[in-house]
Amino acid sequence: MHTNWAAFTAAEPEFAQTVEERFAAYTHHVLATLRKDGSPRTTGLEVRFLDGELWFGMMPDSLKALDLRRDPRFALQANPGDGTGMGGGDVRIGGRAAEIADDDTRTRRGYAEEVEPPEPFHLFRTELTEVVRTYVEDEKYLVVQVWKPGEPVRTLRRT
């Protein structure tokens, strides 16, 4: 089942807005991919929410792009910001990235017109498998919200 950003937003509009605002607070975030040997690789990445999709644009032949071509699974962590405040909470997105082929000029042109990336570039559309937000409530509870496609948000509270 292909679950893009628009499907998540339709299913959980308030949660999606909180997550999107968290990513909008900073430009650079942390992407985890899998190396050829299966070990994790983390790298910085700018992301875009456009036309109901979460997009990854990358420099040509970057290691993270090569990782995603080989194994599309990823985890994306929103930049926590300065200090320990983490306004809006700690936000992570898991999923799979599908590369947009060079010959899909319409999709690539639409992205390029909006984002103006340096040319050439790799472009990936994401399919979400999980969205997680962790935050502190009332200075007492650690709250974890977990959304997976086809399921309502689960909320866990710990003291």
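Residues numbered from 1 in each chain as written. Predicted model: local features only at pLDDT ≥ 70, side-chain atom pairs only at ≥ 80, totals over all residues. Heavy atoms only, no water.

A short note on the environment of R125
Okay, step 1: Within the secondary structure layout, R125 lies in strand 7 (residues 122-137).
Okay, step 2: For the pair R125 and N4, spaced 121 residues apart in the sequence, the C-alpha separation amounts to 8.3 Å.
Okay, step 3: Of note is the side chain of R125, whose polar atom sits 3.4 Å from the side chain of E53. (Helix = DSSP H or I, 4+ residues; strand = E, 2+ residues; numbered from the N terminus. Polar contact = N/O pair within 3.5 Å; in protein donor to acceptor, adjacent residues only side chain to side chain.)

Structural notes on the pairing of strand 3 (residues 47-50)
Okay, step 1: Bridge count for strand 3 against strand 4 (residues 53-58) is 4 bridges, and the pairing is antiparallel. Each residue of the ladder has a partner; that of F49, found in strand 4, is L54.
Okay, step 2: The hairpin turn running from strand 3 into strand 4, its antiparallel successor, is 2 residues long, and D51 in that turn takes a positive phi close to 50°. (Pairing = 2+ DSSP bridges.)

Let's talk about helix 4 (residues 105-115)
Okay, step 1: Those residues of helix 4 lying buried are R108, Y111, A112 and V115. The buried residues of helix 4 occupy an angular sector of 100° when the element is viewed end-on, so they sit on one face. Structural note: helix 4 exposes R106, E113 and E114 on the side pointing more than 90 degrees away from its buried face.
Okay, step 2: Considering only its buried residues, helix 4 is in contact with strand 3, strand 4 and strand 7.
Okay, step 3: At the exit of helix 4 stands E116, carrying a positive phi of roughly 55°. (Buried < 20%, exposed > 50% of the residue type's maximum accessible area, 1.4 Å probe, protein only. Arc of directions from axis to C-beta. Contact = heavy atoms within 4.5 Å.)

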